[in-house]
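Overview (structure and organization)
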Amino acid sequence: MQHFDGNLLAGPLADVFAFDPTGARARCNGCGAVAELATMLVYRSGAGSVARCRDCGAVLLSLVDGDGRMFVNFIGMGAIEIATTGRDDA
Amino acid sequence: MSGVQQLQAAPRTGWHVAEVVETRRETPSAARITLDVDGWPGNLAGQHLDVRLTAPDGYTATRSYSIASSGDGERVVLAVDRLPDGEVSPFLVDELRAGDRLEVHGPLGAFFVWRPPADGGTGRPVQLIAGGSGVVPLVAIARAHAEAGDATPFRLLYSVRTPDDVFFADELETAARGPAPFAVEFVYTRRAPAGTDAPVGRITRERLAAGVIGADAAPVVYVCGSTGFVERVAGWLIELGHHQTAIRTERYGGT
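Structure report, in brief. (Residues numbered from 1 in each chain as written. Chains lettered and ligands numbered in written order. Predicted model: local features only at pLDDT ≥ 70, side-chain atom pairs only at ≥ 80, totals over all residues. Heavy atoms only, no water.)

With respect to the side chain of B:H242
Residue and element names in this part refer to chain B. For H242, the location among the structural elements is in the loop between helix 6 (227–239) and strand 11 (247–252). Residue class for H242 comes out buried when judged on its relative accessible area of 7%. Residues within four places of H242 in sequence aside, it is in contact with I213, G214, A215, P219, V221, L237 and I247. (Helix = DSSP H or I, 4+ residues; strand = E, 2+ residues; numbered from the N terminus. Buried < 20%, exposed > 50% of the residue type's maximum accessible area, 1.4 Å probe, protein only. Contact = heavy atoms within 4.5 Å.)

Printed below as a string of structure tokens:
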């Protein structure tokens, strides 16, 4: 299946967070790698998107959108590190 | 360094109504689309936006497109390549007319962006690597670099089918002639310009090694193109000694 990357989730995730978090780093619960959300490998289908760790392939998050609701599951990642200094909405 | 960069916060993201100001042929398969976006907060070089089309029956299709422009103001320039099996791009390339309205979400992207060094000093050299229409966000970066008169050394390696398929050829030439250090090298995959003996064919590890700033100069590398292109190039860059954290990638695709 064709895949893309986390840059593609900037729009949907910005609808969930108060900002676009693709520049934030998170730890993969599978292998411990820490990387920006933009570097996740993203697989899309009609049902939604699944994002996997670029290093070990573990599922980091899934996002299902439909029927006026969005389901986001950060199933495979630990804390997300978000820069708060200098952000215009901080 | 990163602390300084964070002080330049990215503009807030939101949904906006865009009106098409102009659309014109960019290449035989692509259109350059200039939008006037109501309430657009400006965007950083390298960012993208999502376009949402809604059919009369309520069916919607959303696709991401890179922005070829940057800076303040409500004018936004896109360049969209027509994908033959696409659901959205054939409409944008062939049907869209001045005066049409689109829903856009943006500016988006906090990772694949470039900012001029905040202190005016020279930052790490920057190597841009484009495959096909993946050049669009890199054009925004190259133009922002030129407009800032930034002294950071920049290079673009641009893999493209033929000379006719080059996006923003005039703008790239202007940037290369400007005072900001910027050099462009093309890899032609199907046909080179007449009268040249440039090799024709897909990029190889050897051509990549010869055409990019070496790992010893510790450049920041931006790679944008199809998934296959990006992963081939990023893999070779790591083999050539570039550090994974110095390589920023954006895979495009999708109709």
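Focus on the side chain of A:T39
For A:T39, the location among the structural elements is in the loop between strand 3 (34–36) and strand 4 (41–45). A polar contact of 2.7 Å, which involves the side chain of A:T39, links it to the backbone oxygen of A:E36. Sequence-distant contacts of A:T39, defined by excluding residues within four places in its chain, comprise A:R54 and B:F111. (Polar contact = N/O pair within 3.5 Å; in protein donor to acceptor, adjacent residues only side chain to side chain.)

Considerations on the pattern of salt bridges
Between side chains of opposite charge, pairing is possible as soon as their charged atoms come close. Using the criterion set out here, one finds 16 salt bridges over all chains in the structure. One salt bridge in this structure joins A:E81 and A:R25, with 2.8 Å as the shortest N-O distance. Linking A:E81 in strand 8 (residues 77–81) with A:R25 in strand 2 (residues 25–28), this pair joins segments that are 56 residues apart in sequence. Here B:R191 ties to B:D164 by a salt bridge, and the two come within 2.9 Å at their closest N and O atoms. Of the two residues, B:R191 is situated in the loop between strand 9 (182–188) and helix 5 (205–211) and B:D164 in the loop between strand 8 (154–160) and helix 4 (169–177); the sequence distance between them amounts to 27 residues. Residue class for B:R191 comes out partly exposed when judged on its relative accessible area of 39%. According to the relative accessible area criterion, B:D164 is partly exposed, its value standing at 45%. The network of salt bridges with shared partners includes A:D5, B:E231 and B:R251. (Salt bridge = Lys/Arg side-chain N within 4 Å of Asp/Glu carboxyl O.)

Quick look at the packing of aromatic side chains
The full count for this structure, using the stated rule, is six aromatic pairs over all chains. When the ring of A:F17 is compared with that of A:F19, the centres are 5.9 Å apart and the planes differ by 70 degrees; the resulting orientation is edge-to-face. Ring centres of B:W114 and B:F154 lie 5.2 Å apart, and the angle between their planes is 85 degrees; this geometry places the pair in the edge-to-face category. Of this pair, B:W114 sits in the loop between strand 6 (101–108) and strand 7 (126–131) while B:F154 sits in strand 8; the two residues are 40 residues apart in sequence, bridging distant segments of the chain. We note that B:W114, like B:F154, is buried. Connected via pairs of aromatic rings, a cluster forms that spans A:F17, A:F19 and A:F74. Directly above the ring of A:Y43 sits A:R52, whose terminal nitrogen or CZ lies 6.0 Å from the centroid. Against the face of B:W15 rests B:R52, its NZ or CZ located 4.0 Å from the ring centre. (Phe/Tyr/Trp six-rings, centres within 6.5 Å; stacked < 30°, edge-to-face > 60°. Lys NZ or Arg CZ within 6 Å of the ring centre and 35° of its normal.)

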